[in-house]
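Below, each chain spelled out in residue letters.
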Amino acid sequence: MKVILYMAATVNGYIAREDGETPWSKEEWQNFSKMVKSARNLVIGRKTYEAMKENDEFSKIGNPFMVIVSSKSLGPGVTTVGSPKEALRMLKKEKYETALVAGGGKLNSSFLKEKLVDEIYLDIEPLIFGKGIRLFSEDDLDAKLELLGTKSISQNTVQLHYAVLK
Ligand SMILES: NC(=O)c1ccc[n+]([C@@H]2O[C@H](COP(=O)([O-])OP(=O)(O)OC[C@H]3O[C@@H](n4cnc5c(N)ncnc54)[C@H](OP(=O)(O)O)[C@@H]3O)[C@@H](O)[C@H]2O)c1
């Protein structure tokens, strides 16, 4: 199973403002939705889950099979697992060919640190924030990437596609 990390970020590597706001372009959102609809699943951290739920975003991306990583139980009807590896085991069991990991910064770090990510799609939005939530929350990371491609998804937004070298 291929593990893809898909994120939008500012030019200086923030994935949300300090208060959690994500003012991304319509084109970025459409591109993300397309990717989710193709993978039919989404692996996210508990904080991202809460932000998406509050904004009623699941139906807009086609109600994918959601796997939430958290140390807590999030109640009936919410598929919650205690670690990134467990999330992947669950998706494998359900016969998904691709696992789509989509943040936030803490979950991204966990996946990268455990060397579980095969490819990264990064949509660079034409924004710079002074403060915010980082693409990877941890400092203790070291990964080498290979550029597989670039694409303009609008006049202002470029998508970088990387393989993570193992
Ligand atoms: N730009 C984008 O494309 C994008 C995408 C997604 C999210 N975001 C933004 O990112 C922000 C959230 O990011 P965040 O870094 O604060 O939080 P996050 O990664 O979404 O969630 C963190 C929580 O996930 C759980 N978790 C993460 N790694 C774990 C592990 N290895 N084992 C067990 N549990 C683990 C923990 O939940 P518990 O505390 O419950 O144990 C942790 O507190 C939101 O504002 C969201 O809007 C932006």
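Cut-offs applied
- Residues numbered from 1 in each chain as written.
- Predicted model: local features only at pLDDT ≥ 70, side-chain atom pairs only at ≥ 80, totals over all residues.
- Buried ≥ 20, exposed ≤ 12 C-beta atoms within 10 Å, placed from the backbone.
- Helix = DSSP H or I, 4+ residues; strand = E, 2+ residues; numbered from the N terminus.
- Pairing = 2+ DSSP bridges.
- Near = placed C-beta within 6 Å.
- Nonpolar A, V, L, I, M, F, W, Y, C, P; charged D, E, K, R; others polar.
- Core = buried A, V, L, I, M, F, W, Y, C linked by C-beta atoms within 7 Å.
- Contact = placed C-beta atoms within 7 Å.

This part takes up the pairing of strand 3 (residues 41-45). For strand 3, a buried count of five out of five residues is recorded, marking the element as mostly surrounded by other parts of the structure. Burial along strand 3 is two-sided: the face carrying N41, V43 and G45 and the face carrying L42 and I44 are both buried. Strand direction decides the pairing type here: strand 3 and strand 4 (residues 65-69), joined by five bridges, are parallel. Pairing of L42 across the sheet is with M66, part of strand 4.

A few words now on the site of the ligand. Near the ligand you find 29 residues, and of these G45, T48, S71, G103 and G104 are the closest. Only strand 1 (2-9), strand 2 (14-16), strand 3, helix 2 (46-54) and helix 4 (105-113) provide two or more residues apiece to the shell around the ligand. Taken together, the residues of the shell around the ligand break down into 12 nonpolar, 13 polar and four charged.

For strand 1, the tally of buried residues reaches six of eight residues, placing the bulk of the element in the interior. When strand 1 meets strand 7 (residues 119-124), the two strands line up parallel, connected through six bridges. Directly across from Y6, in strand 7, lies its bridge partner Y121.

Once that is clear, we can look at the nonpolar core. Judged by nonpolar contacts, the single largest core of 37 residues is most densely connected at M7, I15, V43, L100 and V101. In terms of residue count, strand 1 provides more of this core than any other element does, six residues in total. Beyond its immediate sequence surroundings of up to four residues, V43 is in contact with V67, V69, A87, A99, L100 and V101.

Mapping A87 onto the fold places it in helix 3 (residues 84-93). Along the chain, A87 and E125 lie 38 residues apart, while their C-alpha atoms are 29 Å from each other. If we skip the residues at most four places from it in the chain, A87 touches V43, V67, V69 and V81.

The analysis is restricted to geometry; functional conclusions fall outside its scope.
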